[in-house]
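# Examination of the molecular architecture
Spelled out from the first residue to the last, the chains are:
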Amino acid sequence: MLEKIQSIARKAGEMILNAHNAPSHQKEGHFNFVTDTDVAVQEYLKAALLALLPGARFFAEEQENESLTDAPTFVVDPIDGTINFMRQRNASAVSIALLEKKQPILGVIYQPYTDEMFTAALGKGAFLNGHSIHVSSVPFENAVVELGSSPYDAELARRTMEAATQFLLQAGDIRRSGSAAVDLGDIACGRGDIMFELKLRPWDVAAGSLLVKEAGGCFHSLGHDQPYYDGPCGIMACNPLCEKDALRILKEAGAC
Ligand code: LIP
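Residues numbered from 1 in each chain as written. Predicted model: local features only at pLDDT ≥ 70, side-chain atom pairs only at ≥ 80, totals over all residues. Heavy atoms only, no water.

## Notes on the site of the ligand
Around the ligand, the surrounding shell holds 16 residues, and the nearest of these are D77, G81, T82, R176 and E197. A180 places a main-chain nitrogen or oxygen 2.8 Å from an oxygen atom of the ligand. Taken by itself the ligand offers 380 Å² of open surface, and the protein chains cover 93% of this. Of all the secondary-structure elements, those providing two or more residues to the shell around the ligand are β4 (73-80) and β12 (194-200). A total of three residues in the shell around the ligand trace back to one element, the largest contributor, which is β4. Considering only residue class, the shell around the ligand consists of five nonpolar, five polar and six charged. When residues of the shell around the ligand are assigned to domains, at least three map to each of domain 1 (2-132) and domain 2 (140-252). (Near = heavy atom within 4 Å. Polar contact = N/O pair within 3.5 Å; in protein donor to acceptor, adjacent residues only side chain to side chain. Areas by Shrake-Rupley, 256 points an atom, 1.4 Å probe, with all protein chains shown as cover. Helix = DSSP H or I, 4+ residues; strand = E, 2+ residues; numbered from the N terminus. Nonpolar A, V, L, I, M, F, W, Y, C, P; charged D, E, K, R; others polar. Domains from an automatic or database assignment.)

## Some remarks on the environment of A180
Relative to the elements of secondary structure, A180 occurs in helix α5 (residues 180-189). For the pair A180 and A97, spaced 83 residues apart in sequence, the C-alpha separation works out to 14 Å. Among residues more than four places away in sequence, those in contact with A180 are D80, M195, E197, L200 and D204. (Contact = heavy atoms within 4.5 Å.)

## Thoughts on the domain arrangement of the protein
Note on interface size: it is often stated as the accessible area lost on association of the parts. The assigned domain composition of the protein is domain 1 (2-132) and domain 2 (140-252). Measuring from the centre of the C-alpha atoms in domain 1 to the corresponding centre in domain 2 gives 20 Å. Taken over both partners, the interface formed by domain 1 and domain 2 buries close to 2,600 Å², and the fraction arising from carbon and sulfur atoms is 62%. Inspection of the domain 1/domain 2 interface yields one salt bridge. The salt bridge involving E116 is made with R191; its shortest N-O contact spans 2.3 Å. If you look at where domain 1 meets domain 2, you find ten residue pairs in polar contact (both at pLDDT 80 or more). Residue assignment for the side of domain 1 that touches domain 2 shows that the elements contributing at least two residues are β3 (57-60), β4, β5 (93-100), β6 (103-111), β7 (116-121) and β8 (126-128). (Buried area = accessible area lost by both parts, 1.4 Å probe. Salt bridge = Lys/Arg side-chain N within 4 Å of Asp/Glu carboxyl O.)

## Considering the pattern of salt bridges
By the definition in use, this model includes ten salt bridges. Put simply, E62 and K27 hold a salt bridge, and the shortest N to O gap is 3.0 Å. You can see E62 sitting in the loop between β3 and β4 and its partner K27 sitting in the loop between β1 (24-26) and β2 (33-35), a full 35 residues away along the chain. The same class applies to E62 as to K27, namely buried. Within the structure, one salt-bridge network assembled from shared partners comprises K27, E61 and E62. (Buried < 20%, exposed > 50% of the residue type's maximum accessible area, 1.4 Å probe, protein only.)

## Re the sheet that holds strand β11 (residues 173-175)
Read from one edge of the open sheet, five strands run β11-β10-β12-β14-β13, paired in mixed fashion. Two strands lie at the open edges of the sheet, namely β11 and β13 (218-221), each paired on one side alone. Direction aside, neighbouring strands of the sheet carry axes that sit 15° apart on average. As paired strands, strand β10 (residues 144-148) and β11 are joined by three bridges and run parallel to one another. (Pairing = 2+ DSSP bridges. Axes fitted to C-alpha atoms, helices over the stretch in contact; angles between N-to-C directions.)

## Topic: the side chain of D80
Residue position: D80 is located in strand β4. An unpaired buried charge is present at D80: no salt bridge exists, and R176, the closest side chain of opposite charge, is 7.9 Å distant. Of the polar contacts made by the side chain of D80, one reaches the side chain of S179; its length is 2.6 Å. What D80 contacts, discounting residues up to four positions off in sequence, is A91, S92, A93, S179, A180, A181 and D204. (Lys, Arg positive; Asp, Glu negative; His and termini not counted.)

## Overview of the side chain of D186
For D186, the position within the fold is in helix α5. Taking relative accessible area as the criterion, D186 reaches 13% and is therefore assigned buried. Non-local contacts of D186, meaning those with residues more than four positions away in its chain, are made with E146, R191 and G192.

## Details of the sheet that holds β8
Hydrogen bonds between backbone groups are what pair the strands of a sheet, and the pairing can be parallel or antiparallel. The sheet built from seven strands is open, its strands ordered β3-β4-β5-β6-β7-β8-β9 with mixed pairing. Every other strand in the sheet has two partners, leaving β3 and β9 (131-132) as the edge strands with one partner each. Relative to β4, β3 runs parallel, the two sharing four bridges. Looking at β4, one finds that F58 is bridged to F74. Along the sheet face, helix α2 (residues 36-52) touches β3, β4 and β5 and points at about 155° away from the line of β4.

Structure, rendered in structure tokens:
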């Protein structure tokens, strides 16, 4: 199953690389867009994944979604980093998770611009292009902190920037890629040490959360006792050495 999902993700990546100047449309909230390519890729992914697992449910960014159930459910972002795609910033990913009982059992993140295939299966480790990966062992004071700014929700701006300021003062440095899936891949393979964003959707994080945990990292759905995929929420992912201080800073910033 994981191999077949990788092939499907790679084909979706080719669709992204071959798309140019796709028309875009504004969605709800500030600075929130969808392109014709997002929709076309999602339509391809829905058909291909449901053919792979008939009877599964499909939960994705560019459609109305019912609540999660315990049934096998694909949770999919066809292009995570849509603004980056629109502006040719070459930092977007296809994110595909398969959930059972509301928790990820398979995760695939494919970054077409770098041809990097991140994969994870529950209890079986995390991999980048077939090679085992692990979170970093960088201590908090030297941590590279990747943040998401949730631009569509102005309510979160001050708390996001307060947390970013404290991370900049107390940890190493901060980064902002524009794609949560890219960021979670970074944490899983040790390119970054902490990632947070105060509001994301399940399709942004479902695959990446499994990657990080299978790579020996920590993943928190802020405000929830366990990882939550049934609606929007904030997240924090990190290596184990940074967990206590990262949660402290987010709590002090009023983010959880
Ligand atoms: C994006 C996230 C990113 C967030 C953006 C946007 P999309 O997902 O990956 O972390 O800051 O606002 O939500 O909408 O490009 O799939």
